[in-house]
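For reference, the chains in residue letters:
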Amino acid sequence: DALFLKGTLLPQDERSVAVVGTRMATAYGREAAEVITSDLARNSVTIVSGLARGIDGLAHKAALDSGGRTIAVLASGLDIIYPPEHASLAARVVEQGGLVSEYPPGVRPDARHFPRRNRIMSGMTLGTLVVEAGDKSGALLTVRHALEQNREVFCIPGSIFSPASRGTNLLIQEGAKL
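A few points on the structure.

## Some thoughts on the overall build of the protein
- Looking only at helices and strands, one finds 6 helices and 7 strands in the protein.
- Traced from its N-terminal end to its C-terminal end, the protein shows the element sequence β-β-α-β-α-β-α-β-α-β-α-β-α.
- For 178 residues, the compact-globule formula gives about 16 Å, and the C-alpha radius of gyration of the protein, at 15 Å, lands near that figure.
- When its C-alpha atoms are laid out on the principal axes, the protein stretches across 40 × 35 × 30 Å.
- When burial is assessed residue by residue, the protein has 51% of its 178 residues classed as buried.

## What to know about the packing of helix α2 (residues 55-65) against helix α3 (residues 87-95)
- At their nearest, the axes of α2 and α3 sit 10 Å apart, and the two run at 45° to each other. Classified by the angle between their axes, α2 and α3 sit oblique to one another. Pair α2 / α3 crosses with left-handed handedness. Taken together, the residues of α3 that come into contact with α2 (itself represented by G57, H60, K61, L64 and D65) are L89, R92 and V93.

## Regarding α3
- By the burial criterion, the buried members of α3 are L89, A90 and V93. Angular distribution of buried residues about the axis of α3 spans 100°; they occupy a single face of the element. Looking at α3, the residues exposed on the side facing more than 90 degrees away from the buried face are S88 and E95.
- Tucked inside the fold, the buried residues of α3 contact α2, β4 (70-73) and β5 (97-101).
- Directly beyond the C-terminal end of α3, a positive phi value near 160° is found at G97.

## Some words on the pairing of β4
- On β4, burial covers both faces: T70 and A72 on one face and I71 and V73 on the other are all buried.
- As judged from the 3 bridges shared by strand β3 (residues 46-49) and β4, these two strands associate in the parallel manner. Each bridged residue has a counterpart across the sheet, and for V48 the counterpart in β4 is I71.
- With α2 bridging β3 and its parallel neighbour β4, the resulting β-α-β unit is right-handed.

## Re the environment of R30
- Along the chain, the position of R30 falls in helix α1 (residues 27-42).
- R30 sits in the partly exposed class, given a relative accessible area of 35%.
- Considered as a pair, R30 and D135 are 105 residues apart in the sequence and their alpha carbons are 18 Å apart.

## Let's talk about the side chain of S66
- Mapped onto the elements of the fold, S66 is located in the loop between α2 and β4.
- Within the structure, the side chain of S66 is placed 2.9 Å from the backbone oxygen of A62, a separation counted as a polar contact.
- Ignoring any residue separated from it by four or fewer positions in sequence, one finds S66 in contact with S38, A41 and R42.

## Digging into the packing of helix α4 (residues 113-123) against helix α5 (residues 139-148)
- Contact geometry of α4 with α5 gives a least axis separation of 8 Å together with a crossing angle of 50°. With respect to each other, α4 and α5 are oriented oblique. Here the hand of the crossing between α4 and α5 comes out right-handed. Here P115, N118, R119, M121 and S122 of α4 come into contact with α5, specifically with L141, T142, H145 and A146.
- Residue composition of the contact of α4 with α5, grouped by class: 4 nonpolar, 4 polar and 1 charged.

The rules behind each value
- Sequence order sets the numbering: in each chain, residues are counted from 1 along the sequence as written.
- In keeping with the model being predicted, local features are shown solely for residues with a pLDDT of at least 70 and side-chain atom pairs are shown and tallied solely at 80 or more, while totals for entire chains, interfaces and linings include all residues.
- Just so you know, side-chain values use all the structure's heavy atoms and leave hydrogens and water out.
- For the purposes of this entry, the term helix denotes a DSSP run of H or I that reaches at least four residues, the term strand denotes a run of E that reaches at least two, and both are numbered from the N terminus.
- Radius of gyration: C-alpha atoms only; globule rule: 2.2 Å multiplied by the number of residues to the exponent 0.38.
- When a residue's accessible area, from a 1.4 Å probe over protein chains only, is under 20% of the maximum for its type it is buried; when over 50% it is exposed; and in between it is partly exposed.
- Interaxial angles span 0 to 180 degrees and are taken between N-to-C directions of axes, which are lines fitted to C-alpha atoms, for helices over the stretch in contact.
- Any angle from 65 to 115 degrees is called roughly perpendicular, while one under 35 is roughly parallel, one over 145 is roughly antiparallel, and all others are oblique.
- Take the far helix as the reference: if the near one is turned anticlockwise from it by less than a right angle, the crossing is left-handed, and if turned clockwise, right-handed.
- Throughout, a residue-residue contact means that at least one pair of heavy atoms, one from each residue, lies within 4.5 Å.
- Comment: arc refers to directions from the helix axis out to C-beta atoms.
- Here, strands pair whenever DSSP counts at least two bridges between them.
- A crossover counts as right-handed when, viewed with the strands pointing away from the observer, the path leading from the first strand over the helix to the second turns clockwise.
- Polar contact is defined as a pair of N or O atoms within 3.5 Å, subject to the rule that within protein one atom must be able to donate a hydrogen and the other to accept it, and that residues adjacent in sequence are counted only when both atoms are side-chain atoms.
- Basically, the charged four are Asp, Glu, Lys and Arg, the nonpolar ten are Ala, Val, Leu, Ile, Met, Phe, Trp, Tyr, Cys and Pro, and anything else, Gly included, counts as polar.

Shown next, in the form of structure tokens:
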């Protein structure tokens, strides 16, 4: 197996956290992702995420805007940015980190690729931070991989009334760290 890289991986990237969550973030989730990710990035923690809509994109942007490093793990070849509206964000990520994929150039995103991408995100980090996740969120797959890889799992608690927080609140009940 091989990984493809566009940008740079540096020794300091070993001090990294995966930030994942829902594509349909609430105002609370967006604010939490931005504040916490910015703080981590300002404290020399590399932010790793999947360049997806929602929490992933917010995490990359907050890290970049804070002058930190970020790495985006793609579910496609490095030449195919998905979602396409994140093309300019991906270009910024390359300048302050890198794009990583296990897929060679030309491979289009496919539903089966996303769970595989999530195992790379959790595996290359010290822990995974879940900001908002419903009870069927793909972010929960990243958590499962993190636990299998003996990584830390952190969650931002959310409203007991918000479907976007059902997964994170359940993870906290099961022992995830706040």
